[in-house]
2 protein chains.
Amino acid sequence: MRAQTVALTSKDVVDAAIAILDEYGLGDLTMRRLATALGVQPGALYWHVANKQALLGAVADTILDGLDDDMPSGDWDLRFNELAHRLRAALLAHRDGAEVVAAAHALRTGRGSTLVLLTQVLTDAGFTEVEAELAALAVLHYVLGHTVDEQGHAQSAGLVAGAASPGATEGIADGPQTVDDPLLGETARFGFGLSVFVDGLRARLT
Amino acid sequence: MRAQTVALTSKDVVDAAIAILDEYGLGDLTMRRLATALGVQPGALYWHVANKQALLGAVADTILDGLDDDMPSGDWDLRFNELAHRLRAALLAHRDGAEVVAAAHALRTGRGSTLVLLTQVLTDAGFTEVEAELAALAVLHYVLGHTVDEQGHAQSAGLVAGAASPGATEGIADGPQTVDDPLLGETARFGFGLSVFVDGLRARLT
DNA sequence: ACCTGAACACCGTTCAAGT
DNA sequence: ACCTGAACACCGTTCAAGT
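Residues numbered from 1 in each chain as written. Chains lettered and ligands numbered in written order. Predicted model: local features only at pLDDT ≥ 70, side-chain atom pairs only at ≥ 80, totals over all residues. Heavy atoms only, no water.

- For chain A, an unreviewed UniProt entry supplies the name Transcriptional regulator, TetR family and the organism Sanguibacter keddieii.

1. Quick notes on the overall build of chain A
Argument step 1. Looking only at helices and strands, chain A features 8 helices and 0 strands.
Argument step 2. Of all intrachain contacts in chain A linking residues separated by at least 6 positions in sequence, the fraction that spans at least 24 positions is 70%. (Helix = DSSP H or I, 4+ residues; strand = E, 2+ residues; numbered from the N terminus. Contact = heavy atoms within 4.5 Å.)

2. Some points on the packing of aromatic side chains
How two aromatic rings sit relative to each other is set out by the distance from centre to centre and by the angle between their planes.
All names here are of chain B.
Argument step 1. Under the criterion given, the structure shown has 6 aromatic pairs over all chains.
Argument step 2. Ring centres of Trp-76 and Phe-127 lie 5.7 Å apart, and the angle between their planes is 85 degrees; on these two criteria the pair is classed as edge-to-face. Within this pair, whereas Trp-76 is found in helix 4 (residues 76-92), its partner Phe-127 is found in the loop between helix 6 (113-125) and helix 7 (129-156), the two being separated by 51 residues in sequence.
Argument step 3. One Lys or Arg, Arg-33, reaches over the ring of Tyr-24 and ends 4.6 Å from the middle of that ring. (Phe/Tyr/Trp six-rings, centres within 6.5 Å; stacked < 30°, edge-to-face > 60°. Lys NZ or Arg CZ within 6 Å of the ring centre and 35° of its normal.)

3. Brief notes about the pattern of salt bridges
All names here are of chain A.
Argument step 1. This structure, assessed with the given rule, holds 20 salt bridges over all chains.
Argument step 2. Note that Arg-202 and Asp-199 form a salt bridge whose closest N and O atoms lie 2.7 Å from each other. With Arg-202 and Asp-199 both in helix 8 (residues 186-204), this residue pair falls 3 residues apart, about one helical turn.
Argument step 3. Assessed through its relative accessible area of 22%, Asp-199 is described here as partly exposed. (Salt bridge = Lys/Arg side-chain N within 4 Å of Asp/Glu carboxyl O. Buried < 20%, exposed > 50% of the residue type's maximum accessible area, 1.4 Å probe, protein only.)

4. Some remarks on the UniProt feature "domain: HTH tetR-type" (unreviewed entry) in chain A
Argument step 1. The sites that UniProt annotates as "domain: HTH tetR-type" (unreviewed entry) are residues 7-67 of chain A.
Argument step 2. In residues 7-67 of chain A, helix accounts for 56% and strand for 0%; the two terminal C-alpha atoms are 30 Å from one another. (UniProt positions renumbered as here; feature names shortened; annotations may be inferred.)

5. Describing the environment of Tyr-24 of chain B
All names here are of chain B.
Argument step 1. By the secondary structure assignment, Tyr-24 is in helix 1 (residues 10-24).
Argument step 2. Tyr-24 gets classed as partly exposed once you look at its relative accessible area, which sits at 38%.
Argument step 3. Separated by 71 residues in the primary sequence, Tyr-24 and Arg-95 have C-alpha atoms spaced 8.0 Å apart.
Argument step 4. For Tyr-24, the contacting residues outside a window of four places in its chain are Arg-33 and Arg-95.

Below, the structure written as structure tokens:
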């Protein structure tokens, strides 16, 4: 087996992991499946990654990569909102992306650069370092909590039947209103909580 | 084997599951371990619960039981704060409690009564039904996001070495400040984000 | 340096058969 | 009604040995 001439890299492993995530979900992202997809024996993966947890950390980092590209320059609240919406979009762009990133953050695997970006916007706005870090962590928690819920709910419904191609959910509009989601689209629901939080922050700025 | 004379009930299964959760954590809460703890073969559990997911839903319900006992009567923001703090405390009272409840909520297993309680406080305060539900969901997401992170972090640190007895973490003060948590105690960090959100809500009340 | 082969110690779930 | 016995189709991780 294994007609390839060149050796595997850690990047190959992470990329293949994301491909499996997109097509089959986190529950089917196993080291053995991953090895099969790469045409290699399971044990071979452990030459490239320390263990599954570290791999998922690297996957989380990749999901969050380039979150601050071409950021608009404007008022802090506009930029803060933009960042939060981008974060949610990045998580939704991969199946179970929110769960992967939430776990990686809780276990302090992954780089955790998102927190730095959010904090920077708030210190620029005039918040103290401590307030900025606390507020950044709070929205991060809100976004993760919301998106894990949103994505988990979509999964438990039957909508994911026809396995989408990688990145297919990126930038699509909210799906049709369902019976147990009779209020608004998910983006609007997300935006509501976010704007309440930003309102509270604005009130604290002298 | 199995000297017991009386049969198992679903409650017995859920209670034993929580005991394992408290002592060994979610990673060690397996159907096989649970069966061994109950002095029974693995297959026997499937007479009492449909599957592991349903069991975890029932565990989540138990964790959240009695969340609104003896609620204080006072201003809405006081009661809202109380409920959010109680929710966090209930999650922290069991090892991996936040993760279990977050998963149960995302998959719509479990009863999800917490949302009703939070919504009620806000409709009483004068919010419209839609605003109240959206805001309730938003804080729930914040609390889950925060507490999953808080609990996961504690786990990844070495603090959980001496397996605590069930409920031992209930109502304890924050642990000592560690190197990567130099700002405040966790309760204060949680309270900061919560009060920002409540400030934002108050501003919306005419 | 990179991977195979093979093992170790596990999983959740099903289901005929027993009592 | 409640449980056993036994199987099915899997897991993550380790590690000597090969090339």
